[in-house]
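Here is how the chains run, residue by residue.
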Protein chains: 2
Amino acid sequence: MSRATAYRIGVDLGGTNIQAGVLDADGTLLHRDRCKTKAKHGAEAVLERIAGLVERLIVDAGIERGHVAAVGVGAPGAIDVERGVVVNAVNLRWTDLPVAARLADRLGLPVTLDNDVNVGAWGEHAAGAAKGHDDVLAVFVGTGIGGGLILNGRLYRGAHCTAGEIGHTILNADAPLGQRTLEDLASRSAIVRRLVQLIESNHPSDVAERVGGKWEKVRSRVLAEAAAAGDPLTLELLDDAAHYLGTALANAVTLLSIPCVVLGGGLVDALGEPWVERVRERYHTRVFPPSLGETSIVPGALGDDAGLIGAALLAGTTLTQSVGSGHHPPTPEKS
Amino acid sequence: MSRATAYRIGVDLGGTNIQAGVLDADGTLLHRDRCKTKAKHGAEAVLERIAGLVERLIVDAGIERGHVAAVGVGAPGAIDVERGVVVNAVNLRWTDLPVAARLADRLGLPVTLDNDVNVGAWGEHAAGAAKGHDDVLAVFVGTGIGGGLILNGRLYRGAHCTAGEIGHTILNADAPLGQRTLEDLASRSAIVRRLVQLIESNHPSDVAERVGGKWEKVRSRVLAEAAAAGDPLTLELLDDAAHYLGTALANAVTLLSIPCVVLGGGLVDALGEPWVERVRERYHTRVFPPSLGETSIVPGALGDDAGLIGAALLAGTTLTQSVGSGHHPPTPEKS
């Protein structure tokens, strides 16, 4: 396609916020914007908010709609990529919603849809910390833990389009339900749950003070601040989480012989390199064979933008799979 | 190539036995043979035994050497597939041995080399229980536990050529060293070790009688017989092993969204469907998302022949990678 029609728009649809950005033909992020999701207003309202955000982006970025090659959307939950349907998204309460077709009709642009974690992984692969690597595992640690796989330079979705769910792999086979999986043991929710439990049974920690006793305020930033201030309980729980995450990464790399692992998500972004180094230490003692210690484990480079950048870049590569635009999609450009 | 040059020979090199077979153009096993490895006589002697076995096969199968397109060898340990080198095989005490080149020179035929578990996985994929599936995890349970991955219809070796090492994935992150990995918990060696330990601390079992107190005689067949006779201790330990194997398969399928898992190896061959059903039960309660319960978990169809059949069929597909034959290899035929 000509460079004039080479803009791509990426949308990262989350349970709380919708983030979107415009990329030029070189993959440079020209402009970004966001709005609240307001999922409680229903699917129609959310789709309209996405469309409105895209319209606003086009205007504010000063580009013409006819020069936009594609819109890529990353959405939470189970996605049917080929049909562009959100099959099931618990936090949005969506079931079988044909998001790509609906947005394509509304916007008059080709729209592709993929899982939010997959687009984040693609972002770090195509334009972030894993650039240049054909085989990448990206793991995002926040409220939950999700993962995406790039194998042989392509997003690997697996037969049932669910690949990458490293958060649900079991690290303590004999533990009770709720204490077995990586997500049970190393997500921010798990860390905070355990922290609150321990504080309430009188283990000393300054976290209670930091949030005025309001536990819902213990976000990644608060954990990072408590750790930086040397709060022993927070440090111990973060060490435990690094132990489990390092073990889970070792398992995945042992199985897949992957040369590059990117860690992203709210908790990693807040804790940064010191915590990633803890994860690396545990990984190194547990991966097999030991030569896989060569695998690089790096923090993501795109932070919160990984999703929208990945969604836009992935839209450029999977355009032939786009649905329902009513337009004849231009030949996709390799990103 | 013409059908006249379409024979392929597969060799499965083990620590105890060398097995080999001739396949015709349709992939039918025409003739098979075996001999002892006698690794203690050194690498030169073993290579000569392999070559002798191949020569004998050609004569006994009544085919002409000029009609053999390729010889595929599966060997234990770390393999450099591109160079056809056994990098390190602990049980053979081989280091950096250029097996493919040496055999190719000796036989005057193109020779390819791959890991024994990979060729077994390829056998079940191309001609066994996973035929027709493009994405397959094959797991072989015996003295140790090895695994091979077929993704998108191709053997997936990973960046460091070590992919598939499911036996070394960790299922009890907090257990002591030696009690963490799938191999620690569900291999025949692990089961027998635990069994002996328990019998020696006076847990009742008829296994001691079956082997006249000679523990080294507790092979897979003995465990299968004790289980069939209802020996409670054997049944409990096999249930434990199924629990761990089912969990490890759930982890791998959760990560990779794989539609077909083949279970092979001495222990699975001996215990058969009843034990595989136990593995399936545990798998079903632990895979995520639950829709991956659709993944079929099946016993291998080729038994002990999986390796030699896979080595022969893989040689047919990877012939362009063959080394050192001194001949111009014919165009490979897709198997």
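Keep in mind it's a predicted model, so treat the numbers as computed, not measured.

Engineer: Just checking my understanding: could you explain the overall build of chain A for this structure?
Structural biologist: What chain A contains, in helices and strands, is eleven helices and 13 strands. Taking 335 residues into account, the globule formula puts the C-alpha radius of gyration at 20 Å, and chain A, at 20 Å, falls close to it. Overall, chain A is about 60 × 45 × 35 Å in size when its C-alpha atoms are taken along their principal axes. When contacts within chain A are restricted to residue pairs at least 6 apart in sequence, those whose partners lie at least 24 apart make up 62%. A total accessible area of about 13,400 Å² is found for chain A, and carbon and sulfur atoms account for 49% of it.

Engineer: Honestly, the packing of helix 3 (residues 116-127) of chain A against helix 11 (residues 306-317) of chain A in this entry has me stumped. Any pointers?
Structural biologist: The packing of two helices is summarised by the inter-axis angle and the distance between the axes. Residue and element names in this part refer to chain A. Relative orientation of the contacting elements helix 3 and helix 11 amounts to 80°, with a least axis distance of 7 Å. By the angle class used here, helix 3 and helix 11 are roughly perpendicular. Counting all contacts with helix 3, which are made through V119, G120, W122, G123, E124, A126 and A127, the residues of helix 11 involved are A306, G307, I309, G310, A311, L313, L314 and T317. Residue composition of the contact of helix 3 with helix 11, grouped by class: nine nonpolar, five polar and one charged.

Engineer: Any chance you could explain the pattern of salt bridges here in plain terms?
Structural biologist: Side chains that differ in sign of charge can pair as their charged atoms come close. Residues and elements named next belong to chain A. In the structure shown here, the tally under the stated rule is 26 salt bridges over all chains. The salt bridge partner of R280 is E277, with a shortest N-O separation of 2.6 Å. Of the two residues, R280 and E277 are both situated in helix 10 (residues 273-286); the distance of three residues between them amounts to about one turn of the helix. Linked through salt bridges whose partners overlap, the residues forming this network are E48, E55, R65 and R106.

Engineer: Help me understand the relation of the copies chain B and chain A in this model?
Structural biologist: Copy one and copy two of the chain differ by a rotation about an axis and a translation along that axis. Overlaying chain B on chain A yields an RMSD of 0.0 Å, the required transformation being a rotation through 180° with an accompanying axial translation of 0.0 Å. Look at the turn and shift together and you get a two-fold axis relating the two. The rotation axis passes nearest to the C-alpha of B:N172 in chain B, at a distance of 2.2 Å. A shared interface surface links the copies, since 100% of the contact residues of chain B are contact residues in chain A too.

Engineer: Explain the pairing of strand 10 (residues 145-151) of chain A to me, please; I cannot follow it from the model alone.
Structural biologist: Regular strands show a simple pattern: their side chains alternate between the two faces of the sheet. All names here are of chain A. Where burial is concerned, most of strand 10 is hidden: seven out of the seven residues are buried. Where burial is concerned, the two faces of strand 10 agree: the one with I145, G147, L149 and L151 and the one with G146, G148 and I150 are both buried. Bridge count between strand 9 (residues 136-141) and strand 10: six bridges; the pairing is antiparallel. Of the residues in strand 10, the one forming a bridge with L137 is L149.

Engineer: Would you mind showing me how to read the state of the cysteines here?
Structural biologist: Defined simply, a disulfide is a covalent bond joining two cysteines at their sulfur atoms. With the rule as written, the count across this model stands at zero disulfides over all chains. A disulfide-free cysteine, B:C260 has its sulfur positioned 18 Å from the sulfur of A:C161, the nearest such atom. Assessed through its relative accessible area of 1%, B:C260 is described here as buried.

Analysis parameters
Residues numbered from 1 in each chain as written. Chains lettered and ligands numbered in written order. Predicted model: local features only at pLDDT ≥ 70, side-chain atom pairs only at ≥ 80, totals over all residues. Heavy atoms only, no water. Helix = DSSP H or I, 4+ residues; strand = E, 2+ residues; numbered from the N terminus. Rg over C-alpha atoms; globule rule 2.2 N^0.38 Å. Contact = heavy atoms within 4.5 Å. Areas by Shrake-Rupley, 256 points an atom, 1.4 Å probe, with all protein chains shown as cover. Axes fitted to C-alpha atoms, helices over the stretch in contact; angles between N-to-C directions. Parallel < 35°, antiparallel > 145°, perpendicular 65-115°, else oblique. Nonpolar A, V, L, I, M, F, W, Y, C, P; charged D, E, K, R; others polar. Salt bridge = Lys/Arg side-chain N within 4 Å of Asp/Glu carboxyl O. Least-squares fit on C-alpha atoms with pLDDT ≥ 70 in both. Buried < 20%, exposed > 50% of the residue type's maximum accessible area, 1.4 Å probe, protein only. Pairing = 2+ DSSP bridges. Disulfide = S-S within 2.5 Å.

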